[in-house]
Amino acid sequence: MEEKEKKFLTVAPFQCAWRKDLKFREAGRGCVAFDAFAHNDVTLVFRENVGSQHYHYKRDNSPHYTVILGSHRNRRLKIEVDGKTEVDVEGIGLCCSSAFQSYWICVYDGLISIGKGRYPFQNLVFQWLDSNPNCSVRYVGLSSWDKHVGYRNVNVLPLPHNHMLLWKQVDSGEYEGQDNGEEELEDEQMDYEKWGIDNFLESWELSDMFFVVGGEERPVPAHKIILQASGNFPLSSSNEDDVQLKDVTYPILHALLQFIYTGHTQISESQLVSLWTLSLQFEVMPLVKQCGEIVERFKLNKKLFGPGSNVELSNPNSRPHCYTAFPFGLPIDVIKLKQLYSAGEYSDVNMYIEGHGLVAQPHRVILSLWSVPFAKMFTNGMSESSSSDVSLTDVSPEAFKIMLDFMYSGEISLEDSKDFGNLLLQLLLLADKFGVTLLYQECCKTLLECLSEESVCPILLAVSSFPSCKLIEETCKRKFATHFDYCTTASLDFILLDETTFCSIIQHQDLTVTSEERVLNAILRWCMGAKEWYGWEMVDKLLANSTPDLIFRERFQSLNELLPFVRFPLLPYHLLKKLGKSNLSKHIHVFDNLVREGISYVEFGLERAEGDRNIRFQYRRSSYKELQYICDGDSNGVLYFAGTSYGQHKWVNPVLSKRITITASSPTSRYTDPKSLVSRTYQGTCFAGPRMEHGNKYAWWMVDFGQDHQLMCNYYTLRQDGSRAHIRFWNFQGSLDGKAWTNLRVHEDDQTICKPGQFASWSITGPNSLLPFRFFRVVLTGPTTDASNPWNLCICYLELYGFFH
């Protein structure tokens, strides 16, 4: 019975079935594929936990998504979030009451994708991104509304290792809704799978040759580049050829061309040998092979085909379940096609780019196949329809050549260079401009796979004005928000963002920041358009001799609108007092009011009941724990925190408990003991000896927090051992991989340490204090004050502070 239930399940009206196997492997991410038989209201529920069987009767306040296919008597598609309708569109995802129909629904961090067919991530019909995503949904419920629904073949699938297959469904929409007089081509663009090389089968549009068939001399148009990439036809490079086939009937030639342009055809059994002969004449080898195999089978069994029956011929597709766009699934030799393009054979158009001259000589039919805008350009009577020269402006020649290469191969050939990101972005916008949908999808996937803290601002600046790039824009905003400290400190690009974009990032629910002071500094810097680092203290000094109008110029009004997004009541009390006495408070009325509110909240707890509900009184999300330096040798550092199992137990030397790893430039010995560097007991003799690296002499101690932890270091402490080998020249460095090192602080002839057993501490400032690292080391770069052993790094204690993850 259980096995039968898995094959076929009927859900009664207002019920919801929950099965143990219908569960995402990863919370918030998964795909369910299923067959459904229903007049209307195929309903799926996605929840954090298993829900009620009487789902619609019982009020349920727990977070969930509900997707209803064929709502409102099979007229609409609905998506509900926690019972509230967020999507209600007409004529999408409708049900079929005459037979089971296949569907798939994918959820990925609030991106809900819905498609039809047995193959997930293909045949997308609708996609919606939740601006406030529920990343915890895991269980899938099969439900109904007012009629029985039958389910079968229900499977919950993990997302592919490369989850960006989802983005393959993203359509470019630059030309959507334009040129009403040419709706046919626009329909073809919107339903991309129906637009292929078969649209040009026996079409005079863009043809550059024709066959003359039979005694009636019937002309049949074709395209040289398509024919020559499929076989060997007697064609010249002149403007127009005609190939005489007086001994061939039209059905035979039609079957040959149909096979070339669509990958399949059918013909009567009596005409099979004639088709075989014609395909052999023109060396269309896939068809020759197909015909030969069927003829051999017929010789062995003459009853294989009945009198007058048709023979089906199909080219085997090397890429099943793939888009039907050229050149996939066709008997076209892609290598030969690319060779013809490289040699300029049969080219009928010269592509010029302003300022770069002639850049390519492609074929109109190939460009029109991939790009509806190009198809319109060549067929709607524009100047390009009659001229062989096409001039383009505001187009990158490098990106354009890559797009053309994609049109002839179906693959992106991008070299991994320093300009890789910029070129990929140009290619994305070019594909969007010319409606090359598959290329646009591939660029989206690659771009989001390469998205980093360094690239997020340039990408945002480039795509924010393109409606078709909305999903990329939202993903970039989320990336920026979750790495707010780094994106607003280590780069200048964010000051170029428009006010709407920057404001949405400041208000983003995923904003992760180490302190509200960082938010304040970022707002001040954006409003100033500062091209170098400015904290509020520097702005305060500038205001002593200037006015807000001069400092913030045209963004002064924006400053008044952005400042309320800083949660002043959460700033430290001593900082609020400083701000209250600052020039910022004296000159900027809004700033002064917000600071006063923060001070009153801290001192008197005014309106705390309201504060609990007001988002301005709630701490933001932070993935880092702040471990702040108080004094030399305190118990507030990261290494001490690691010794407590990150706050879970009493302190144990973290090297012994294997929470961290410490290594030295010299082998472990009695006086080079890694665990002594984080011990709470003073060591009289503790040093790391010298070694040669890249031809230079170095001595160092190195800390490894492990692959699961990182630290943004803003302070560190050292202690001299009992010797007089005081360090004067050294660097404090951080690294992500233990190979490439970043200097966090450079010490040149530093006289701080001057006696045995002395503690000394230094701050890390500037953008590097916001860089997270796994490895840290103190490396000696010059001799110590001990002439007898000048290259021994003699420290017996190390502690680090900052934001630990």
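Just above sits the structure.
Residues numbered from 1 in each chain as written. Predicted model: local features only at pLDDT ≥ 70, side-chain atom pairs only at ≥ 80, totals over all residues. Heavy atoms only, no water.

## With respect to the overall build of the protein chain
Rule in force here: Going along the chain from the N terminus, every DSSP run of H or I of four or more residues is numbered as a helix, and every run of E of two or more is numbered as a strand. Relative accessibility under 20% of the residue-type maximum defines a buried residue, over 50% an exposed one, and the middle range a partly exposed one, all with a 1.4 Å probe and only protein chains included. Residue contacts are defined here by distance: any two heavy atoms, one from each residue, within 4.5 Å place the two residues in contact. Here, Shrake-Rupley sampling with a 1.4 Å probe gives the accessible areas, and only protein chains in the shown set may cover a residue.
From N to C terminus, the protein chain includes 27 helices and 30 strands. Counting over 805 residues, the protein chain shows a buried share of 52%. At a minimum sequence separation of 6, the contacts of the protein chain that also span at least 24 residues come to 68%. Surface accessibility of the protein chain: about 37,600 Å² in total, with carbon and sulfur atoms responsible for 49%.

## Some points on the packing of aromatic side chains
As a reminder, the rule being used: In this analysis, rings of Phe, Tyr and Trp, with Trp reduced to its six-membered ring, are considered paired at centre separations within 6.5 Å, and the interplanar angle assigns stacked below 30 degrees, edge-to-face beyond 60, and tilted for intermediate values. Whether a charge sits over a ring comes down to the Lys NZ or Arg CZ being within 6 Å of the ring centre and within 35 degrees of the ring normal.
If you walk through the whole model with that rule in mind, you get 33 aromatic pairs. Residues Tyr 629 and Tyr 715 carry aromatic rings whose centres are separated by 4.2 Å and whose planes lie at 5° to one another, so their mutual orientation is stacked. Note that Tyr 629 is positioned in the loop between strand 21 (625-627) and helix 27 (638-643) and Tyr 715 in strand 25 (residues 711-720), a separation of 86 residues in sequence. Taken together through their ring pairs, the aromatic side chains of Phe 641, Tyr 646, Phe 705, Tyr 716, Trp 730, Phe 732, Trp 762, Phe 773, Phe 776 and Phe 804 make up a single cluster. Over the ring of Tyr 250 we find Arg 218, and its NZ or CZ is 3.6 Å from the ring centre. A cation over a ring is seen here: Arg 555 above Trp 526, with NZ or CZ 3.9 Å from the ring centre.

## Concerning the sheet that holds strand 13 (residues 209-213)
Rules: The pairing criterion is simple: DSSP has to find at least two bridges between the two strands. Angles shown run from 0 to 180 degrees and are taken between the N-to-C directions of axes, each axis being a line fitted to C-alpha atoms and, for helices, limited to the stretch in contact.
Strand order in the open sheet formed by three strands is 14-13-15, with mixed pairing between adjacent strands. Unpaired on one side and paired on the other, strand 14 (218-222) and strand 15 (241-245) mark the two borders of the sheet. Between one strand and the next, the sheet's axes are offset by a mean angle of 25°, whatever the strand orientation. By the bridge criterion, five bridges tie strand 13 to strand 15 in an arrangement that is parallel.

## As for the environment of Leu 369
Tracing the chain through its elements places Leu 369 in helix 9 (residues 364-370). Considered as a pair, Leu 369 and Asn 199 are 170 residues apart in the sequence and their alpha carbons are 8.4 Å apart.

## Overview of the pattern of salt bridges
As a reminder, the rule being used: Here, a salt bridge means any Lys or Arg side-chain nitrogen found within 4 Å of an Asp or Glu carboxyl oxygen.
Tallied over the full model, the rule gives 17 salt bridges. For the salt bridge of Arg 478 with Asp 510, the shortest nitrogen-to-oxygen distance reads 3.7 Å. Of this pair, Arg 478 sits in helix 16 (residues 470-482) while Asp 510 sits in the loop between helix 18 (499-506) and helix 19 (516-528), and the two are 32 residues apart along the sequence. Overall, Arg 478 belongs to the partly exposed group, its relative accessible area being 24%. A relative accessible area of 12% means that Asp 510 is categorised as buried. Counted as one network, the salt bridges with shared partners bring together Lys 470, Glu 473, Glu 474 and Lys 477.

## Some thoughts on the nonpolar core
Quick reminder of the rule: Grouping buried Ala, Val, Leu, Ile, Met, Phe, Trp, Tyr and Cys residues that are joined through side-chain atoms within 4.5 Å yields what is termed a nonpolar core.
Counting 140 residues, the largest nonpolar core has Phe 211 and Phe 400 as the members making the most contacts within it. In this structure, Phe 211 is in contact with Arg 218, Pro 219, Val 220, Ala 222, Leu 227, Phe 233, Val 243, Leu 245, Leu 253, Leu 257 and Phe 282, ignoring residues within four places of it in sequence.

## Some remarks on the pairing of strand 17 (residues 310-314)
Residue alternation in strand 17 divides its side chains into a buried set, Val 311 and Leu 313, and an unburied set, Asn 310, Glu 312 and Ser 314. In this structure, strand 16 (residues 264-268) lies alongside strand 17, joined through five bridges in antiparallel fashion. When the sheet's bridge partners are listed, Ser 268 is paired in strand 17 with Asn 310.

## Quick word on unusual backbone geometry
Unusually for a residue other than glycine, Glu 202 sits at a positive phi of about 55°. With respect to the helices and strands, the residue Glu 202 is situated in the loop between helix 3 (183-190) and strand 13.

## Thoughts on the state of the cysteines
To be explicit about the condition: When the sulfur atoms of two cysteines come within 2.5 Å, that pair is taken as a disulfide.
Under the criterion given, the structure shown has zero disulfides. The thiol sulfur of Cys 457 is not disulfide-bonded, and the nearest other cysteine sulfur, from Cys 487, lies at 5.6 Å. In this model Cys 686 remains outside any disulfide bridge; the closest cysteine sulfur is found in Cys 796, 6.3 Å from its own. A relative accessible area of 1% places Cys 686 in the buried class.

## Re the packing of helix 5 (residues 250-262) against helix 6 (residues 272-281)
Which entries qualify depends on this criterion: The labels follow the angle: roughly parallel below 35 degrees, roughly antiparallel above 145, roughly perpendicular from 65 to 115, and oblique for the rest. Should the near helix be turned anticlockwise from the far one by less than a right angle, the crossing is termed left-handed; should it be turned clockwise, right-handed. Ten residues, namely Ala, Val, Leu, Ile, Met, Phe, Trp, Tyr, Cys and Pro, are considered nonpolar, four, namely Asp, Glu, Lys and Arg, are considered charged, and the remaining ones, Gly among them, are considered polar.
Running from N to C, helix 5 and helix 6 cross one another at 60°; their axes reach a closest spacing of 10 Å. As judged from the angle between their axes, helix 5 and helix 6 are oblique. Relative to helix 6, the crossing made by helix 5 is right-handed. Of the residues in helix 6, those in contact with Ile 252, Leu 253, Ala 255 and Leu 256 of helix 5 are Ser 274, Leu 275, Leu 278 and Ser 279. Across the contact of helix 5 with helix 6, the residue classes break down as six nonpolar, two polar and no charged.

## Details of the layout of surface pockets
The cut-off we apply is this: Of the grid points, spaced at 1 Å and generated over the protein atoms alone, those admitting a 1.4 Å probe that cannot get out make up cavities, while open sets with protein on both sides within 12 Å along at least five of seven lines make up pockets; any residue with an atom within 4 Å of a point is treated as lining. Grid points are joined across faces, edges and corners, and a volume is the space filled by probe spheres set on the points.
Considered as a void within the structure, the second largest pocket measures approximately 1,300 Å³ in volume. Mapped by element, the contributors of at least two residues to the lining of the second largest pocket are helix 19, helix 20 (536-543), helix 23 (573-580) and strand 25. By residue number, the principal contributor to the lining of the second largest pocket is helix 19, which donates four residues. Of the residues belonging to the lining of the second largest pocket, the class tally is 18 nonpolar, 13 polar and seven charged.

## Thoughts on the sheet that holds strand 20 (residues 389-392)
The strand order across the open sheet built from three strands is 19-18-20, with neighbouring strands paired in mixed fashion. Looking at the sheet topology across the chains shown, the edges are occupied by strand 19 (357-360) and strand 20. In this sheet, adjacent strand axes meet at a mean angle of 40° when their direction is disregarded. Bridge count between strand 18 (residues 350-353) and strand 20: four bridges; the pairing is parallel. Residue Ile 353 lies in a different strand from strand 20, and its bridge partner there is Leu 392.

## Regarding helix 15 (residues 456-463)
Residues that lie three or four places apart on an α-helix share one face, since the helix turns once every 3.6 residues. Within helix 15, six of the eight residues are buried, which leaves the element mostly enclosed by the surrounding structure. What helix 15 keeps buried is the set Val 456, Cys 457, Ile 459, Leu 460, Ala 462 and Val 463. Against helix 13 (420-433), helix 14 (437-449), helix 16, helix 17 (484-487) and helix 18 lie the buried residues of helix 15.

## With respect to the pairing of strand 19
Pairing geometry for strand 18 and strand 19, over three bridges, is antiparallel. Residue Tyr 352 lies in a different strand from strand 19, and its bridge partner there is Leu 358. Connecting the antiparallel pair strand 18 and strand 19 is a turn made up of three residues, with Gly 355 showing a positive phi of about 90°.

## Comments concerning helix 8 (residues 334-343)
In plain terms, the rule: This arc is taken over the directions from the axis of the helix to the C-beta atoms. Identification of polar contacts relies on pairs of N or O atoms within 3.5 Å, with a donor-acceptor requirement for protein atoms, meaning one able to donate a hydrogen and the other able to accept it, and with residues adjacent in sequence counted only if both atoms are side-chain atoms.
Taken as a whole, helix 8 has its buried residues at Leu 337, Leu 340 and Tyr 341. Buried residues of helix 8, viewed axially, fall in a sector of 100°; they line one side. Exposed side of helix 8, more than 90 degrees from the buried face: Ile 335, Gln 339, Ser 342 and Ala 343 are the residues found there. In this structure, the buried residues of helix 8 make contact with helix 4 (224-230), strand 19 and helix 12 (397-409). Regarding helix 8, its N-cap is Asp 333, as a side-chain oxygen of that residue lies 3.0 Å from the backbone nitrogen of Ile 335 further along.

## Regarding the environment of Asp 405
One can find Asp 405 in helix 12. Here Asp 405 falls in the partly exposed class, since its relative accessible area comes to 30%. Residues Asp 405 and Lys 338, 67 residues apart in the sequence, show an inter-C-alpha distance of 8.0 Å. Beyond its immediate chain neighbours, meaning those up to four positions away, Asp 405 contacts Tyr 341, Gly 410, Glu 411 and Ser 413.

## A short note on the side chain of Thr 784
Within the secondary structure, Thr 784 is located in the loop between strand 29 (775-780) and strand 30 (795-804). Judged by its relative accessible area of 9%, Thr 784 is buried. A polar side-chain atom of Thr 784 sits 3.3 Å from the main-chain amide nitrogen of Asp 786.

## A closer look at the side chain of His 726
With respect to the element layout, His 726 can be found in the loop between strand 25 and strand 26 (730-735). Its relative accessible area of 6% is what places His 726 among the buried residues. Discounting residues that sit within four places of it in the chain, His 726 has contacts with Gln 720, Ile 753, Cys 754, Lys 755, Pro 756, Thr 784 and Thr 785.

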